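# Structure at a glance
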Amino acid sequence: MKEFLFTDWSDDMDNVRVRFAPSPTGSLHIGGARTALFNWLFARNRRGVFILRLEDTDTGRNLEEAVTQIESNLRWLGLDWDEGPDVGGPLGPYCQSERSELYQREAQRLLENGHAYRCYCTPEELAQQREEARKRGEVPRYDRRCCELDEEVCRAKEAAGIRPALRIKVPRTGTTVVSDLIRGKVSFDNTTLDDIVIQKSNGGPTYNFACVVDDHAMQISHVIRAEEHLSNTPKQIVIFKLLGYDLPAFAHVPMILAPDRSKLSKRHGATAVEEFRTEGFLPEAVVNYLALLGWSPGDEQEQMMVEEIKSRFNFEAVSKHAAIYDVKKLTWLNAQYLNALPLSRVVEAAFPFMQEAGYIGDTPDSGELEYLTRVVETVRSRVHTLVELCDASRYFYRSDFEYDEKGVRKHFTKQDVTRLLAKGREALAGVPADQFTVAETEKAYRKVIEGLKISGGALFHPTRLALSGRTVGPGLFDIVATLGRNECLSRIDQAIDWIHSQLA
RNA sequence: GGCCCCAUCGUCUAGCGGCCCAGGACACCGCCCUCUCAAGGCGGAGACACGGGUUCGAGUCCCGUUGGGGCUACCA
């Protein structure tokens, strides 16, 4: 009801329909994810429709697994779609491999009205033609030798088993202008557009053709995609016009480059959304980071939840130049979210990692859950990822750790360290179990320090090492209170024994 | 090679002619806080690619150069 009251229905007149159209050749990398995000942000911002479409026209390189990967990664990021292969929709199907009839029908139309022609040249012949043109110092361009073939010649070729490709007879005069929401007007001389192949000899559509037919059929209002497609756009516009379609609006977003300024690829380390997930990044942080890569809210705010990004997103604030991704900043953002998000959310996100490590079972009871929450609360402020969080939690679940070697030398080799530890143990033992809090245990320890006239560190450091095996970590009494009385006492005993046996 | 896009600190960016001897964030360095490590606070170093114009005045507009990226497939 509330939403209804604040809805600006005038925006609905725009009828925004956008699509993310990946080719299922591999995992979703951050470039694709960012393109999807911008589409989604725009759709949600304008109360439009976000569509997922699979560009799987190249049967030779489709991985079934890639589809589920892409879908699962988009869902993980929180980018939900209104129409798509799995959910269907009024203008489906949403896999190009299932729409061949449409492409063939539209290609046939172009053939019949003379805008397209059959080309019997083989790839080898075309390569040779290009090579020759290059040798002559000319711009390699198809010479249209198949353009005016007689019907008989065609029939003869086909009788000989040669299947034709279909080409568009692109006008060789004039210019084609791309009106881009981010870059303004970009014009291309039509002579630089070669005769576009729209149908391969195997009968399948080419990317540039299927894309145009589908964008029209699916009533796409805004084509938002990576900049690498800007050069394809004039070709697509020619097809749009020849087919009698209205043009959608175009927005070419800058690309995301690897640290060495080259196009993203697997050898650049973690670039797939899946990897970020397994490395312990939160979707909230990844979305925030990706939004900042190429878009800026205009002020100095950087940490924004998706709702806010959504409400502030617009193309005017999208930059024109490519960006290089920097894991360090993502890592920082992730740490920020680890601390800013509600504890329950972080626990939920940490859950699978803790399970994987064997710290919690498949069906944890409320006690386990309570303890997990406590552990996450005490370690989350000093870790950057869920993997780190899991690692930093280890000693809360295992007491079989080794003592840090440097720590042993520094804190366990002192003359009377076992006496000190025993004093500390005694102090903790004196705190009633139901009062075993950070404040009370610290109070007890401070009393020991005062009585012995020693520095705090002299007691704190050996105790931390005894309890966790580590020299770094949360505040000592956060560890103490989380671990609980019995565990603390037994670990101190264990440490005293160890020192006696190892360092006597 | 041809065509197209782009160009502010190492990285992400603010800047849409005077408010900029250029602001923020990450990373880096120093100090503070402190039981350790983080976090946090404070401070530091660090950029308008270059050359011409236009203008009283240019990071901001125009041209060129250089550099980077993309496209140039019967890949998408």
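Each value, and the rule that gives it
Residues numbered from 1 in each chain as written. Chains lettered and ligands numbered in written order. Predicted model: local features only at pLDDT ≥ 70, side-chain atom pairs only at ≥ 80, totals over all residues. Heavy atoms only, no water. pLDDT = per-residue confidence, 0-100. Contact = heavy atoms within 4.5 Å. Buried < 20%, exposed > 50% of the residue type's maximum accessible area, 1.4 Å probe, protein only. Helix = DSSP H or I, 4+ residues; strand = E, 2+ residues; numbered from the N terminus. Phe/Tyr/Trp six-rings, centres within 6.5 Å; stacked < 30°, edge-to-face > 60°. Pairing = 2+ DSSP bridges. Disulfide = S-S within 2.5 Å. Axes fitted to C-alpha atoms, helices over the stretch in contact; angles between N-to-C directions.

### Let's talk about the confidence of the model for chain A
Chain-level pLDDT for chain A is 92 on average; 96% of the residues reach the 70-or-more range. A low-confidence stretch, residues 1–12 stays under pLDDT 50, and its non-local contacts, those more than four residues away or across chains, total 6 contacts. Scored as a complex, the prediction yields pTM 0.93 and ipTM 0.95.

### Some thoughts on helix 8 (residues 233–242)
Counting buried positions along helix 8 yields 7 of 10 residues, so the element is predominantly enclosed. The complete set of buried residues in helix 8 reads Thr233, Pro234, Gln236, Ile237, Val238, Ile239 and Phe240. Among the residues trailing helix 8, Gly244 stands out with phi positive, at a value near 80°.

### Here we look at the packing of aromatic side chains
For the structure on display, the rule yields 16 aromatic pairs. Between Phe38 and Phe313, the aromatic rings sit 5.1 Å apart at their centres with planes inclined by 55°, giving tilted as the arrangement. Linking Phe38 in helix 2 (residues 30–45) with Phe313 in the loop between helix 11 (306–312) and strand 11 (323–324), this pair joins segments that are 275 residues apart in sequence. Taking the relative accessible area as the measure of exposure, Phe38 reaches 0% and is therefore buried.

### Digging into the pairing of strand 5 (residues 175–180)
Where burial is concerned, the two faces of strand 5 differ: the one with Thr176, Val178 and Asp180 is buried and the one with Thr175, Val177 and Ser179 is not. In terms of strand pairing, strand 5 meets strand 6 (residues 184–189) through 6 bridges, oriented antiparallel. Along strand 6, the bridge assignment pairs Asp180 with Gly184. Linking strand 5 to strand 6, which pair antiparallel, is a turn of 3 residues.

### Considering the state of the cysteines
A complete count under the given rule lists 0 disulfides for this structure. As a non-bridged cysteine, Cys121 has Cys146 as the owner of its nearest cysteine sulfur, 3.6 Å distant. A relative accessible area of 12% places Cys121 in the buried class. Classification of Cys146 as buried rests on a relative accessible area of 7%.

### Topic: the sheet that holds strand 3 (residues 116–119)
Taken in spatial order, the 3 strands make up an open sheet running 3-4-7, and their pairing is antiparallel. With partners counted over all chains shown, the strands left at the sheet margins are strand 3 and strand 7 (197–199), one partner each. Taken over all neighbouring pairs, the strand axes of this sheet differ in orientation by 40° on average, direction set aside. The sheet contact formed by strand 3 and strand 4 (residues 165–168) spans 4 bridges and is antiparallel. Residue pairing for strand 4: Arg118 is matched across the bridge by Leu166.

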